[in-house]
Amino acid sequence: MAFTLTVNGETRTADVDGDTPLLWVLRDTLGLVGAKFGCGAALCGACTVHLNGAPVRACVTPVSRVGARAVTTVEGVGKTPAGAKVQEAWKAIDVPQCGYCQAGQIMSATALLTAKPKPTDAEIEAAMNGNLCRCATYLRVKKAIKAASGQVEV
Amino acid sequence: MDGELLRDPTRRFVLKSGAAAGGGLLLSFTMAAEGNAVEAKRINAYVRIAPDGKVTIASKVPEVGQGIKTALPMLIAEELDVEWSAVTVEQALADAKVYGRQVAGGSMATTLEYDGLRRVGATVRALLIQAAATRWNVPVDSCETEPGFVVSGKNRASYGELAEAAAALTPPDPKTLVLKDPKAFRIIGQSHKSQNLDAITTGQPLYGIDVVVPGMLFATFVKAPVYGAKVASVDLAPAKAVKGVRDAFVIEGGTNLNGLLPGVAVVADSWWAARKGRNALEIQWAEHPTAAQSSAGFAAKAAELAKAPPQRTDRSDGDVDTALKSAAKVVAATYSYPFIAHAPLEPQNCTASVKDGKVEIWAPTQNPEPGRKLVAAALNVPEEAITIHLVRGGGGFGRRLNNDYMVEAAAIAAKAGAPVKLIWTREDDTRHDFYRPGAWHNLTAGLDASGKVTAWKDHFVSFGEGDKFAPSCGFNATQFPCRAVDNYRVDVSVMPLGVPTGPLRAPGNNAFGFVLQSFTDELAVAAGKDPVAFRRELLGEPRLLGEPGKGDSFHTGRMRGVLDLVAEKSGWGRALPKGSGLGLACHYSHLGYVAVVMQVTVKDGALKIEKVWAAADVGRQIVNPNGAEQQMQGSILDAIGSTLRQEITFENGAAKQGNFNTFPLLRMADAPDVEVHFKLSDNNPTGLGEPAYPPTPAALCNAIFAATGKRIRSLPIGDQLA
Ligand code: FES
Ligand code: FES
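Details of the overall build of chain B
Within chain B, the regular secondary structure consists of 17 helices and 30 strands. For chain B, the C-alpha radius of gyration of 27 Å lies close to 27 Å, the compact-globule estimate for 722 residues. Along the first, second and third principal axes, the C-alpha set of chain B runs to 80 × 75 × 45 Å. Burial status across chain B gives 61% buried among its 722 residues. In chain B, of all internal contacts separated by at least 6 residues, the share reaching a separation of at least 24 is 76%. Put simply, chain B shows about 26,500 Å² of open surface, and 51% of that area lies on carbon and sulfur atoms. Across chain B, the 76 positively charged side chains and the 75 negatively charged ones have centroids separated by 2 Å.

Here is the structure:
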């Protein structure tokens, strides 16, 4: 059936089964491949997107449950002030190694900074705990979040 | 044209590679050291210079997060003498005839390419100078370059202006070219960022899983839980009845665990539909001879083999048995480690198109050429009919050195009659890996009254058959302290294995470092000596053990250098509160010498890693300090993750773990700060993707011993501290 979604501020329609995870609607139907498939079971965070600004795992979010909530992906998050700062800091610090987890890291970090503009180490660790990085870029992820929140110099 | 297939206007994924698309000039070099194209295999590169002076440099080695797509083009750009900001990097196609070795493995790219790729850059520069000299009618000697320009007196021309004329000239013999004095380096030795940072941070298509080919279908492929078991029977109808499923079929496959294995493919309009189809399949797998093997069975057999006389001896120096009899103290211990998976975050995937006898493949592979051979054999097409695009891999760690996903995608596409993107599930990825194998080391050492090691014996119990080890299941007997201890022996026994095994970051060494450096720590304790002082004595005078130029030779002075540096930086020997401790380990692998110190605290059974210090000697030049730090930190944290909790176990011939809940990766809260130091030595620069991994597990376990008195002899650490 056809679902109408608001993705990165645009209205998009997807004619898919209602149980299709948002991740695959974004990637295969709408051609937005920024959100990544890592586990399919809410265990890695690679697929993280925002629904009305809150981070969710798109791999376990059926498209039928999205409703009227605004979907933001890494392709569109740069239009928000926090997202733009996070992406800038990510590049300045050169966080990625393989880069595959980084869309999810950026989405979780942006949600964190939107809620808590100057997070402590413990708050960063709590907010980012569900985002796995197999290359273990964690030291730079943490530094980039601090840079994006103006707590350290790049 | 390459990339044409991807130019679907509704999608943004466009791959450009190889040919001189876009107007510029293609300078192609087959720089045969011995003047013949076959000899040229290591020294080849492409440089393209546009009229506006923009330079495109092809990176020949696949990128899987090791940063080679920055490091190798830097070598060319340095000698070419251009601004790094004028350089665009393109991934080269897989083509062994043009590029030679295109393998992301063994930390060998920097080692093998450091000289050759600089000569590629120098050759282009020489051609541009020649073109300028001819244009101005001045002697070549009067010409110099500034980044992007040739100058001679008042004459000045940009590389872009000279490129066309330069391309028509015959390249000089690269051996005759004088390379830059390292003191004049402007690019090498400076920190440069990763390639594709914009695409990564804004989610643009980049990885294998992002590839889109017009008319493409999506596939999933189910293989037997027991490696290589055939499909006995399957009802395909329920899968075909799922909306969106186009087809479902059996792939016969063979018995080669590295090749195309039997299974059932489901092909659909979307990957989700393919998965739903897969869930509807009822497959009966045929019986298989390895269906009874299990981790418990392996362990029981290993204990039995350890008690029996060894099947063979791989090395014997002096007389270990006599030396042990006269030792003042004898220390014996058994060490073991589990199978582990690579678990790159991007599951295995590959896109393939088979049409009119031609095969086009987009693969996140670390090693394309063996994949080409598999595909040629499976589809019965000549190797020349196969084009392989090297697509960025979301992590490799050695997993993508095998090409099973490539031949599966090609076989499914051929049968489906349409281009296919095959994507594995996470569970497929965990259960069908080429695992880092487990093994057992039964160690005995003798110390004399002064605490000097007089004998060292290892009965290594592993997997294989007859005289052969299973893939990546061997032990190279020349590991230190071989040749530093007069009486030294390595005995070997093996048992058969039906599980696929293969290289994982610092193959072999990733486990040997744990065993050798943990046991060395035990000997230091038995000798009543400080672990650093004990290792200094064991290393002895600076000298080369083994033959110069051989990969298994070991320089005691270089190891001493990193040992001393890390001891100094970590404040080795300082007093720590009860429950805290410092641990140290040093190990040589992939031509790199690395020493690691870790500080831990164990409180009520809970381990906290406070900090890590590491020192590495990989020669006289760090090509890209930024990338070097990433690889050092990444390798060390990778090793911490596996040491803490990772284990693949087998039951009924199959891997039990499937997803990250049962095969846990390191998380941010468990990642300590890692301080990295380099010790420059007058040796050729070598790679950094791996050598920091092997000393790490032992440094951690030795720190735990220092903090608690508990010796970890079996990995993972798991709940052993509880
Ligand atoms: S893919 Fe969604 S959490 Fe891993
Ligand atoms: S950068 Fe590779 S998984 Fe995070």
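Some details on the domain arrangement of chain B
Residues and elements named next belong to chain B. When cut into domains, chain B gives domain 1 (9-192), domain 2 (208-288 + 348-423) and domain 3 (309-339 + 435-708). Counting residues at the interface gives 19 residues for domain 1, matched by 21 residues for domain 2. A combined buried area of about 1,500 Å² lies between domain 1 and domain 2, and 64% of that area is made up of carbon and sulfur atoms. One can count five residue pairs in polar contact (both at pLDDT 80 or more) joining domain 1 with domain 2.

As for the side chain of Thr56(B)
Along the chain, Thr56(B) falls in strand 3 (residues 55-59). Not counting residues within four places of it along the chain, the set of residues in contact with Thr56(B) comprises Tyr46(B), Val47(B), Arg48(B), Thr88(B) and Glu90(B).

Re the pairing of strand 1 (residues 2-7) of chain A
Residue and element names in this part refer to chain A. Residues Phe3, Leu5 and Val7 point to one face of strand 1 and are all buried, whereas Ala2, Thr4 and Thr6, pointing to the other face, are not buried. Here strand 1 runs beside strand 2 (residues 10-15); their pairing, made up of six bridges, is antiparallel. In the sheet register, threonine 4 faces strand 2, and the bridge partner there is threonine 13. Counting the residues that bridge the hairpin from strand 1 to strand 2 gives two residues, and of these asparagine 8 lies at a positive phi of roughly 50 degrees. As defined by bridge partners, strand 1 adjoins strand 5 (residues 70-72) across two bridges and the pair is classed as parallel. Across the sheet, residue valine 7 finds its bridge partner in strand 5, namely valine 71.

Overview of the interface of chain B and chain A
Facing 58 residues of chain B, the contacting portion of chain A comprises 49 residues. Between chain B and chain A, roughly 4,700 Å² of surface is buried when both sides are summed, and carbon and sulfur atoms account for 58% of that area. The interface formed by chain B and chain A holds eight salt bridges in total. Here Lys276(B) ties to Asp17(A) by a salt bridge, and the two come within 3.0 Å at their closest N and O atoms. Where chain B meets chain A, there are 30 residue pairs in polar contact (both at pLDDT 80 or more). For the side of chain B that touches chain A, the elements supplying multiple residues, two or more each, are helix 5 (197-202), helix 7 (271-279), helix 16 (625-645) and strand 30 (673-678) of chain B. Take the side of chain B that touches chain A: its biggest share by element is eight residues, from helix 16 of chain B. The residue makeup of the side of chain B that touches chain A, split by class, is 25 nonpolar, 19 polar and 14 charged.

Focus on the domain arrangement of chain A
Residues and elements named next belong to chain A. Parsing chain A into structural domains produces domain 1 (2-72) and domain 2 (78-148). For domain 1 versus domain 2, the distance between C-alpha centres works out to 20 Å. On the domain 2 side, the residues contacting the 15 residues of domain 1 number eleven residues. Between domain 1 and domain 2 the total buried area reaches about 1,000 Å² when both faces are included, carbon and sulfur atoms providing 57% of it. In this structure, the connection of domain 1 to domain 2 is made through zero salt bridges. The tally of links between domain 1 and domain 2 comes to six residue pairs in polar contact (both at pLDDT 80 or more).

A word on the environment of Lys307(B)
With respect to the helices and strands, the residue Lys307(B) is situated in helix 8 (residues 295-307). Each C-alpha atom, one on Lys307(B) and one on His459(B), is 9.7 Å from the other, the two residues being 152 residues apart in sequence.

Focus: the pattern of salt bridges
A full pass over the atoms with the stated rule returns 50 salt bridges over all chains. Linking Asp198(B) and Lys91(A) is a salt bridge whose minimum nitrogen-to-oxygen distance equals 2.6 Å. Note that Asp198(B) is positioned in helix 5 and Lys91(A) in helix 2 (residues 81-93), a pairing that runs across two chains. In this structure, Glu651(B) and Lys656(B) form a salt bridge, with 3.4 Å as the shortest nitrogen-oxygen distance. You can call Lys656(B) partly exposed: its relative accessible area is 46%.

Considerations on the packing of helix 14 (residues 531-539) of chain B against helix 15 (residues 556-570) of chain B
All names here are of chain B. Two numbers describe how helix 14 lies on helix 15: the axes approach to 10 Å, and their chain directions differ by 165 degrees. By the angle class used here, helix 14 and helix 15 are roughly antiparallel. Like other packed secondary-structure pairs, helix 14 and helix 15 cross with a definite hand, here left-handed. Seen from helix 14, the contacting residues are Val532, Arg535, Arg536 and Leu539; seen from helix 15, they are Thr556, Met559, Arg560, Leu563, Asp564 and Ala567. Residue composition of the contact of helix 14 with helix 15, grouped by class: five nonpolar, one polar and four charged.

Points about the sheet that holds strand 5 of chain A
Residues and elements named next belong to chain A. As summarised here, the arrangement of the five strands in space is 2-1-5-3-4, forming an open sheet in which the pairing is mixed. Where the open sheet ends on each side, the last strands, each with one partner, are strand 2 and strand 4 (54-57). On average, each strand axis in the sheet is tilted by 40 degrees relative to the strand beside it, whichever way the strands run. Packed on one face of the sheet, helix 3 (residues 102-115) meets strand 3 (48-51), strand 4 and strand 5 and runs near 35 degrees to strand 3.

So, the packing of aromatic side chains
Residues and elements named next belong to chain B. Tallied over the entire structure, the rule returns 23 aromatic pairs over all chains. The interplanar angle of 75 degrees and the centroid separation of 5.6 Å between the aromatic rings of tyrosine 335 and phenylalanine 514 together place this pair among those described as edge-to-face. On the criterion of sequence distance, the pair formed by tyrosine 335 in strand 14 (residues 329-337) and phenylalanine 514 in helix 13 (residues 509-527) is long-range, its members being 179 residues apart. With a centroid separation of 4.6 Å and an interplanar angle of 80 degrees, the aromatic rings of phenylalanine 475 and phenylalanine 512 are classed as edge-to-face. Here phenylalanine 475, found in the loop between strand 21 (468-469) and strand 22 (487-495), pairs with phenylalanine 512, found in helix 13; they are 37 residues apart in sequence, far enough to count as distant. As far as burial versus exposure is concerned, phenylalanine 475 and phenylalanine 512 are alike and both buried. Three or more aromatic residues link up through ring pairs in this structure, and these residues are Tyr227, Phe298, Phe339, Tyr435, Trp440, Phe463 and Phe650.

Focus: the state of the cysteines
Residue and element names in this part refer to chain B. A complete count under the given rule lists zero disulfides over all chains for this structure. Of all cysteine sulfurs, the one in cysteine 586 lies closest to cysteine 701, which takes part in no disulfide; the gap is 15 Å. The buried category is assigned to cysteine 701, whose relative accessible area is 1%.

Digging into the environment of Ala328(B)
Residues and elements named next belong to chain B. Mapped onto the fold, alanine 328 is located in the loop between helix 9 (320-325) and strand 14. Among the residues examined, alanine 328 registers a relative accessible area of 56% and is labelled exposed. C-alpha separation for the pair alanine 328 and arginine 400, spaced 72 residues apart in sequence, amounts to 49 Å.

Calculation criteria
- Residues numbered from 1 in each chain as written.
- Chains lettered and ligands numbered in written order.
- Predicted model: local features only at pLDDT ≥ 70, side-chain atom pairs only at ≥ 80, totals over all residues.
- Heavy atoms only, no water.
- Helix = DSSP H or I, 4+ residues; strand = E, 2+ residues; numbered from the N terminus.
- Rg over C-alpha atoms; globule rule 2.2 N^0.38 Å.
- Buried < 20%, exposed > 50% of the residue type's maximum accessible area, 1.4 Å probe, protein only.
- Contact = heavy atoms within 4.5 Å.
- Areas by Shrake-Rupley, 256 points an atom, 1.4 Å probe, with all protein chains shown as cover.
- Lys, Arg positive; Asp, Glu negative; His and termini not counted.
- Charge placed at Lys NZ, Arg CZ, Asp CG, Glu CD.
- Domains from an automatic or database assignment.
- Buried area = accessible area lost by both parts, 1.4 Å probe.
- Polar contact = N/O pair within 3.5 Å; in protein donor to acceptor, adjacent residues only side chain to side chain.
- Pairing = 2+ DSSP bridges.
- Salt bridge = Lys/Arg side-chain N within 4 Å of Asp/Glu carboxyl O.
- Nonpolar A, V, L, I, M, F, W, Y, C, P; charged D, E, K, R; others polar.
- Axes fitted to C-alpha atoms, helices over the stretch in contact; angles between N-to-C directions.
- Parallel < 35°, antiparallel > 145°, perpendicular 65-115°, else oblique.
- Left-handed = near helix turned anticlockwise from the far one by under 90°.
- Phe/Tyr/Trp six-rings, centres within 6.5 Å; stacked < 30°, edge-to-face > 60°.
- Disulfide = S-S within 2.5 Å.

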